[in-house]
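Single-letter residue listing:
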Amino acid sequence: MRLALSLAIGAILFFIFFILLPAWHMQGQITPFSTSQVNQLELTTGWAYRWGDSPRNSSNILSWLGDSPKEESNWLPQPILNQPFLVRDDHFIWLAVSMPDITAPYDALYLPGIDQLFEAYVQGEKIYTYGSLDQLENRRFLGWSWHLLPLRQEWSGKTLFLRIYSEDETIGLIGNPLLVNESTLRLTLLKNDLFATFCFLFFVLTGILSIISYILERKLSEHLYFGLFSIVMGLYTLTQTKIKLILLPLPLFWTYLDLLSLYSLPLWLVAFFSSLFKTKQESLLRYLWLIDGIFFIGTVAADQLSLYPLIKTVTYFNYLELVNIAILLWIVGQEIRQKSQTARLLAFGFCLFITAALLDVFGSINIRLLPFKVLHVGMLILIVTFIILLM
């Protein structure tokens, strides 16, 4: 067991320092990809927006498709492109931009994300659709996704219109649009998600082995809870990649898997702590586990009964997660006071994981303290820490 663990840790360190580190600088660019990775051209200036939805003329054609956004007062310039708007009562917004020269190797427009449903038009022709916008009963959330819009050279200088609808709190573009080469882009997405994919496989395999060990060797319950936590962590890690949509183009499935795996992580983490530390705070952990369970079941039930969408519960989960972290850190601190070596090692891995998560949160709001993302590294450190504790 110790030899296997040493080899596993050695393989992880080799992967990080000889494969991951040379590629980390790619994640620190303003755009998702560096110039050496993919032929790209940012399309971040010249955008305009207009609230509401276009009426249709006598030919049943959307009237705003004939507008010249730069010349009409109804269209306003959009100063900050990569941040969506707060949605208004009509839930519709139109965006427009004049296309630059479309020459080889560019053959697609990459949109990192859009809240939520949209149609794209050039010269009155619908070139892309994501969801049904015309009938109210058909406007259903289809999941979070990135998009590739096909481009033609004859569209150079023409106006691209985006007709967008959202039931969420925000509406519009998420991230900077890029003119790219489609085949090169897909290869780049695979390369960028290599480490996350490795973590996914490692977490799931480790979890499965831990559960098998619990069943066959009659290990303590913490082996079961760790196994479940590791598998769920692996699934959540996979949902954070972009290549998932290349492997299985089902955005709604991945969105639900993302949220359900995230919401179930505290359940198995609290259960693991409770079984690891037989302390006076065990009753507190049981109450915390019960609250996490009620939240998980309640949010799923409310979504399935069409009472409250699951995607709107993320903010509430974040508050609950802060409570979980505070209580777990307090319990670890109490154990450290009792001079527990287990608690000290757990505090080391847990704090590094939280630090990594916070660094990525700051980066997501443009407070970039490191030129690369470290959340998956924090996850890996936490899982390895748990493995060492169970040896």
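Above: the structure in question.
Residues numbered from 1 in each chain as written. Predicted model: local features only at pLDDT ≥ 70, side-chain atom pairs only at ≥ 80, totals over all residues. Heavy atoms only, no water.

## What about helix α8 (residues 314-337)?
Taking 1.5 Å per residue as the helical rise, α8 with its 24 residues ought to reach 34 Å, and the 35 Å between its terminal C-alpha atoms agrees with that figure. Among all positions of α8, only F317, L320, N324, I327, L328, I331, V332 and E335 are buried. Looking at the residues trailing α8, positive phi occurs at K339, about 60°. (Helix = DSSP H or I, 4+ residues; strand = E, 2+ residues; numbered from the N terminus. Expected span 1.5 Å × (residues − 1). Buried < 20%, exposed > 50% of the residue type's maximum accessible area, 1.4 Å probe, protein only.)

## Thoughts on the side chain of N181
Position of N181 among the secondary structure elements: in the loop between β13 (178-180) and α2 (182-192). Classification of N181 by relative accessible area gives buried; the value is 13%. Separated by 2.8 Å, the side chains of N181 and S183 make a polar contact. (Polar contact = N/O pair within 3.5 Å; in protein donor to acceptor, adjacent residues only side chain to side chain.)

## Points about the environment of D134
Residue placement: D134 occurs in the loop between β9 (125-130) and β10 (147-150). Between the C-alpha atom of D134 and that of Y165, which follows or precedes it by 31 residues, the distance is 9.9 Å. Among all residues touching D134, those that are not within four sequence positions of it are R56, R139 and R163. Of the polar contacts made by the side chain of D134, one reaches the side chain of R56; its length is 3.2 Å. Side-chain polar atoms of D134 contact the side chain of R163, separated by 3.0 Å. (Contact = heavy atoms within 4.5 Å.)

## What about the pairing of strand β8 (residues 117-122)?
Of all the six residues making up β8, six are buried; the element is thus mostly covered by neighbouring parts of the structure. A two-sided burial pattern is seen for β8, the buried positions comprising L117, E119 and Y121 on one face and F118, A120 and V122 on the other. Taken together, the five bridges between β8 and β9 define a ladder with antiparallel strand orientation. Of the residues in β9, the one forming a bridge with Y121 is K126. (Pairing = 2+ DSSP bridges.)

## With respect to the sheet that holds strand β7 (residues 114-115)
Within the open sheet, the three strands sit side by side as β4-β12-β7. Their pairing is antiparallel. In the strand order of this sheet, the two ends are held by β4 (85-86) and β7, each with one partner. Judged from the two bridges that link them, β7 and strand β12 (residues 170-173) form a sheet pairing that is antiparallel. In the sheet register, I114 faces β12, and the bridge partner there is L173.

## Side note on the sheet that holds β10
Strand order in this open sheet of four strands is β1-β13-β6-β10, and the pairing throughout is antiparallel. What marks the edges here is a single partner per strand, and that holds for β1 (40-42) and β10. Going from strand to strand, the sheet's axes swing by 30° on average, the running direction of each strand aside. Taken together, the three bridges between strand β6 (residues 108-111) and β13 define a ladder with antiparallel strand orientation. Counterpart to A108 in the pairing with β13 is V180. Each of β6, β10 and β13 touches α2; the most contacted strand, β10, lies at about 170° to it. (Axes fitted to C-alpha atoms, helices over the stretch in contact; angles between N-to-C directions.)

## Remarks on the packing of aromatic side chains
A complete count under the given rule lists 26 aromatic pairs for this structure. Between W64 and W94, the aromatic rings sit 5.5 Å apart at their centres with planes inclined by 75°, giving edge-to-face as the arrangement. One end of the pair, W64, is in the loop between β2 (48-51) and β3 (76-77); the other, W94, is in strand β5 (residues 92-98), and 30 residues separate them in sequence. What makes W64 buried here is its relative accessible area of 9%. On the basis of an interplanar angle of 65° and a centroid distance of 6.1 Å, the ring pair of W94 and F161 is categorised as edge-to-face. Of the two residues, W94 is situated in strand β5 and F161 in strand β11 (residues 159-165); the sequence distance between them amounts to 67 residues. The structure contains a cluster of three or more aromatic residues connected by ring pairs, namely F226, F229, F272, F273, F350 and F386. Seen from the ring of Y165, R139 lies directly overhead, with NZ or CZ sitting 4.8 Å from the centre. (Phe/Tyr/Trp six-rings, centres within 6.5 Å; stacked < 30°, edge-to-face > 60°. Lys NZ or Arg CZ within 6 Å of the ring centre and 35° of its normal.)

## Here's the deal with unusual backbone geometry
Of note, the bond from D115 into Q116 is cis; its omega dihedral lies within 30 degrees of zero at -10°. If you trace the backbone, Q116 turns up in the loop between β7 and β8. Of note in the backbone geometry, N60 takes a positive phi value of approximately 65° without being a glycine. Tracing the chain through its elements places N60 in the loop between β2 and β3. We classify N60 as exposed; its relative accessible area is 52%. Unlike most non-glycine residues, Q123 shows phi in positive territory, near 55°. For Q123, the position within the fold is in the loop between β8 and β9. The class for Q123 is exposed, based on a relative accessible area of 53%.

## Things to note about a nonpolar patch on the surface
Residues L205, I208, L209, I212, I215 and L216 make up a contiguous nonpolar surface patch of roughly 600 Å² in combined accessible area. Tracing the backbone through its elements, the reader meets I212 in helix α3 (residues 194-216). Here I212 falls in the partly exposed class, since its relative accessible area comes to 39%. (Patch = residues over 30% accessible without salt bridge, like charges linked within 9 Å, V, L, I, M, F, W, Y side chains within 5 Å. Areas by Shrake-Rupley, 256 points an atom, 1.4 Å probe, with all protein chains shown as cover. Salt bridge = Lys/Arg side-chain N within 4 Å of Asp/Glu carboxyl O.)

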